[in-house]
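# Structural overview for review
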Amino acid sequence: MSGAADTPDRAALAVEEVSKSYGSLKALDTLSIAVARGEFVALLGPNGAGKSTLFQLLTGLFVPDEGRIEVAGHDMRHESRAALAKLGVVFQQPTLDLDLSVAANLRFHTRLHGMGRAAKRRIEDELARIGLAERSREAARNLSGGNRRKVELARALLHDPALLLMDEPTVGLDPGSRELLVDYVHQLCRDRGMGVLWATHLVDEAERAHRVIVLHQGQRIAVDTPAALRERAGTNSLGAAFMALTGETPQKKEETV
Ligand SMILES: Nc1ncnc2c1ncn2[C@@H]1O[C@H](COP(=O)(O)OP(=O)(O)OP(=O)(O)O)[C@@H](O)[C@H]1O
């Protein structure tokens with residue numbers, strides 16, 4: 001059921017008929033998705049659905065075999081610098097340098113983005129927002145897993161992106177930290193008008209999304225609000241709707257720790 005993207009007016013992301021193969025395996029098959037500014041879109045798919053492949057294309061690590069990707073109106077292939085400047089990413093694997101201080105980890109990113117004088121203030125602001133201003137001089141190693149994730153998120157926001165990509169960001173976090181992270185990112189959508197694409201295989205994390213894209217074996221098999229997906233499947237639970245659509249057993253938070 002993948003087809004033309006329902007591109008909203010103020011698109012943070014437009015993916016149009018993108019395909020990517022590894023040899024004879026089609027990891028993504030003419031995939032079209034869109035994320036508007038201020039919208040939280042969950043990309044829900046079981047292991048192997050193609051989420052990581054999509055994120056590799058969205059971050060410019062690889063180019064699609066076919067199709068087109070735009071971030072905030074900038075073509076990833078022809079205007080990759082402008083597109084990447086509008087993109088914030090939190091990767092699944094931890095990426096902080098644990099021996100550096102929290103602030104130094106963020107400074108590195110501001111230099112990468114050529115932020116100059118604005119950098120110091122932006123770092124202070126972002127750390128204050130996540131309640132870690134007091135710990136800016138401490139080594140990142142001293143922080144809990146949840147706080148390290150928050151620092152990675154703060155770092156992704158320093159250059160004020162239009163689109164935030166979260167790649168299975170709660171892996172390895174305790175339930176409390178997971179809730180806080182989801183809450184904070186919803187707040188970012190509301191307050192800063194950022195588009196968010198949140199990839200997960202955990203149905204719970206998609207419950208409050210504005211829209212859910214269900215990805216299965218490289219294809220978009222559904223895109224709708226959680227309520228509409230439940231209604232379509234004739235069930236009260238998004239997990240049951242996911243199972244009806246994919247034939248896969250949905251995973252809940254507790255099952256992954
Ligand atoms: N470098 C690669 N070479 C060959 N096949 C690959 C490669 N990377 C991914 N694949 C295959 O492509 C398909 C999509 O994988 P991908 O990692 O994108 O899925 P995913 O939804 O992110 O799953 P996971 O959560 O397990 O990472 C899978 O069948 C996977 O085995």
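See the structure above.
It should be emphasised that the depicted structure is a prediction, and the values quoted were computed from it without experimental measurement.

## Considerations on the site of the ligand
Around the ligand lies a shell formed by Y22, L25, A27, G45, N47, G48, A49, G50, K51, S52, T53 and H201. Elements with a contribution of two residues or more to the shell around the ligand: β2 (25-36) and α1 (51-58). For the shell around the ligand, the element with the most residues is α1, which contributes 3 residues.

## Focus: the packing of helix α3 (residues 102-112) against helix α5 (residues 145-157)
Two elements in contact, α3 and α5, have axes separated by 9 Å at closest approach and are oriented at 30°. It follows that α3 is roughly parallel to α5 by the angle criterion. Judged by the sense of rotation from one axis to the other, the crossing of α3 with α5 is right-handed. Contacts between α3 and α5 pair V102, N105, L106 and H109 from the former with V151, A154 and R155 from the latter. Its residues placed into classes, the contact of α3 with α5 shows 4 nonpolar, 2 polar and 1 charged.

## Focus on the sheet that holds strand β10 (residues 219-224)
Reading across the sheet, the 6 strands line up as β6-β7-β8-β3-β9-β10 and stay open at both edges, with mixed pairing between neighbours. For this open sheet the edge positions go to β6 (87-90) and β10, each flanked by a neighbour on one side alone. Across the sheet, the mean angle separating the axes of adjacent strands is 15° when strand polarity is ignored. Direction of pairing for strand β3 (residues 40-44) relative to strand β8 (residues 195-200): parallel, over a ladder of 5 bridges. Residue pairing in the sheet places A42 in a bridge with W198 of β8. Of the strands in this sheet, β3, β7 (163-167), β8 and β9 (211-216) touch α1, which is tilted by about 145° from β7.

## Brief notes about the pairing of β10
When β9 meets β10, the two strands line up antiparallel, connected through 5 bridges. The partner of L215 across the bridge, within β10, is R220.

## Concerning the nonpolar core
Core analysis: the largest hydrophobic core is formed by 67 residues, its most contacted members being L13, L44, L163 and L197. Counting residues per element, this core draws most heavily on β2, at 7 residues. Each residue touching L44, except ones within four places of it in the same chain, is listed here: T200, V203, A206, V212, I213, V214, L215 and F242.

## Re the pairing of β3
Burial within β3 is extensive, with 5 of its 5 residues counted as buried. With burial as the criterion, each face of β3 is covered, one bearing F40, A42 and L44 and the other bearing V41 and L43. The pairing of β3 with β9 spans 4 bridges and is parallel. Pairing of A42 across the sheet is with V212, part of β9.

Definitions and cut-offs
- Residues numbered from 1 in each chain as written.
- Predicted model: local features only at pLDDT ≥ 70, side-chain atom pairs only at ≥ 80, totals over all residues.
- Near = placed C-beta within 6 Å.
- Helix = DSSP H or I, 4+ residues; strand = E, 2+ residues; numbered from the N terminus.
- Axes fitted to C-alpha atoms, helices over the stretch in contact; angles between N-to-C directions.
- Parallel < 35°, antiparallel > 145°, perpendicular 65-115°, else oblique.
- Left-handed = near helix turned anticlockwise from the far one by under 90°.
- Contact = placed C-beta atoms within 7 Å.
- Nonpolar A, V, L, I, M, F, W, Y, C, P; charged D, E, K, R; others polar.
- Pairing = 2+ DSSP bridges.
- Core = buried A, V, L, I, M, F, W, Y, C linked by C-beta atoms within 7 Å.
- Buried ≥ 20, exposed ≤ 12 C-beta atoms within 10 Å, placed from the backbone.

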